Amino acid sequence: MPYGPETPAHVAIIGAGNIARRYVEGMGRYPQLRLIGCADVVQPMADALAADAGIRAYTSVDELVADPDVDIVVNITPPTAHAAVTSQALAAGKHVYVEKPIAATVAESKSMLAAAAAHRRTIGSAPDTFLGSAGQTARAAIDRGVIGEPIGATAFVTHSKAETWHPDPTFLFQPGGGPALDLGPYYLTTLVNMLGSVAAVAGFTRVGAPVRPVTAPDRRVDTVEVTTPTHWGATLKFRSGTIGTLLMSFDVWDSHLPKIEVYGTAGTLTVPDPNEFDGDVTLRLHSEDDWRVLEPVIAPSGAAGTPAQYLRGMGVADLAAAIDGAPHRASAALATHVLEVIEAIQVASDSQSVVHIDSTVPRPAPMERAVPS
Ligand SMILES: NC(=O)c1ccc[n+]([C@@H]2O[C@H](COP(=O)([O-])OP(=O)(O)OC[C@H]3O[C@@H](n4cnc5c(N)ncnc54)[C@H](O)[C@@H]3O)[C@@H](O)[C@H]2O)c1
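Cut-off values and rules
Residues numbered from 1 in each chain as written. Predicted model: local features only at pLDDT ≥ 70, side-chain atom pairs only at ≥ 80, totals over all residues. Heavy atoms only, no water. Phe/Tyr/Trp six-rings, centres within 6.5 Å; stacked < 30°, edge-to-face > 60°. Helix = DSSP H or I, 4+ residues; strand = E, 2+ residues; numbered from the N terminus. Buried < 20%, exposed > 50% of the residue type's maximum accessible area, 1.4 Å probe, protein only. Domains from an automatic or database assignment. Contact = heavy atoms within 4.5 Å. Buried area = accessible area lost by both parts, 1.4 Å probe. Salt bridge = Lys/Arg side-chain N within 4 Å of Asp/Glu carboxyl O. Polar contact = N/O pair within 3.5 Å; in protein donor to acceptor, adjacent residues only side chain to side chain.

**Student:** Please set out the packing of aromatic side chains residue by residue, giving values where relevant.
**Tutor:** All told, the structure shown has two aromatic pairs when counted by the stated rule. Ring centres of Phe173 and Phe250 lie 5.4 Å apart, and the angle between their planes is 55°; this geometry places the pair in the tilted category. Placement of the pair is Phe173 in the loop between strand S7 (150-157) and helix H7 (178-182) and Phe250 in the loop between strand S12 (243-249) and strand S13 (260-264), with a sequence separation of 77 residues. The same class applies to Phe173 as to Phe250, namely buried.

Here it is, written out as structure tokens:
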């Protein structure tokens, strides 16, 4: 029976950390999802989230995945735990939605995809923000040929200043983290949604400051040792022929750079912060004197920069619909392609060569409420 308000998918969270409450509130907007429990390797974390959300605290991940009442596991552990937790949940017969990056390595991601196929279960993966009004409006504009043929695109990933607000940002500065795996998936997923698969990359990466002070008011650590590159510069060749220029950096604390722009034969499109669902997509044709804001093709969920932008759950609803046969948009295949692009940039830097991308992924279906005109 399809998931719906009368028969919701039962969801349980593994990893009751920083972002978990945004899932609790965000998934609460979808009547086809019912959050029933959570688990964490640190039991007090699970207990606290369960008390706040009015759900069951399992005493272990084993106990959670053994519960036949759980349909979908939402895996919001740190990136280095994504593969093991996802594989365990798949083996127990659960569908899984996993935060970005889908895994710490492409090899891990591919083993997760193989496990999903073997167990006939579906994996969805963050980011889901491209499903929002900004990503869908930009995609529709490209599809309608508003800017003509996309010749080039730029994306600038600048620092989220995590040391100033995350209680323990250590994982962001270790392998599995860094700007490319932490924020890069938002930008690359938005680019692939608009422009299709990436065929080849070149680039360079480096570590910036080797030790970072943590100044978050509720910090659990005072410094972080940096063991993964924090500054990335890359060129992307899309299969379509579009050339992308990508900066991803935790060393760019402040700048006047835009987020994403696409340069076509007839005009330029700007895309707002892909870490948010909504915001103004602007257009300026070569023939025009000024920029104009495009009418959103689907209803925004909230104003840009407001707390609504940071709620999570749209991707879990997308997964629940996909389990029932709808197009899967925030899919593991898409997330794996994005991860492959990121990994290839590192290989390109290490080998000082152009690296070709093996995988291709169809562009996700536009949201059904999208109304190109
Ligand atoms: N913090 C954010 O703003 C944010 C935003 C979007 C996405 N994300 C993503 O969400 C994920 C989690 O981020 P976070 O900031 O909530 O991290 P966090 O460190 O605050 O929380 C992770 C939790 O997972 C638990 N955990 C670790 N390994 C586990 C395991 N094997 N089994 C069960 N529990 C385990 C930890 O004890 C911790 O409570 C990451 O993939 C991150 O990229 C974070």
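Next comes the rest of the write-up.
**Student:** Would you mind going over the domain arrangement of the protein in detail, with residue names and values included?
**Tutor:** Domains assigned within the protein are domain 1 (9-125) and domain 2 (130-302 + 331-356). Each partner contributes residues to the interface: domain 1 has 15 residues there, and domain 2 has 18 residues. On the domain 1 side of the contact with domain 2, Asn18, Lys100 and Val106 bury the most area, a combined 36% of that side's loss. Inspection of the domain 1/domain 2 interface yields one salt bridge. Asp182 is the salt-bridge partner of Lys100, the closest N and O atoms lying 2.7 Å from each other. Applying the counting criterion to the domain 1 and domain 2 interface returns four residue pairs in polar contact (both at pLDDT 80 or more).

**Student:** Kindly report on helix H6 (residues 133-143), identifying the contributing residues and their values.
**Tutor:** Among the 11 residues that make up H6, 10 are buried, leaving the element largely enclosed by the rest of the structure. Taken as a whole, H6 has its buried residues at Ser133, Ala134, Gly135, Gln136, Thr137, Ala138, Arg139, Ala140, Ala141 and Ile142. Packed against the buried residues of H6 are S7, helix H8 (184-195), S13 and strand S14 (267-271). At the exit of H6 stands Gly145, carrying a positive phi of roughly 75°.

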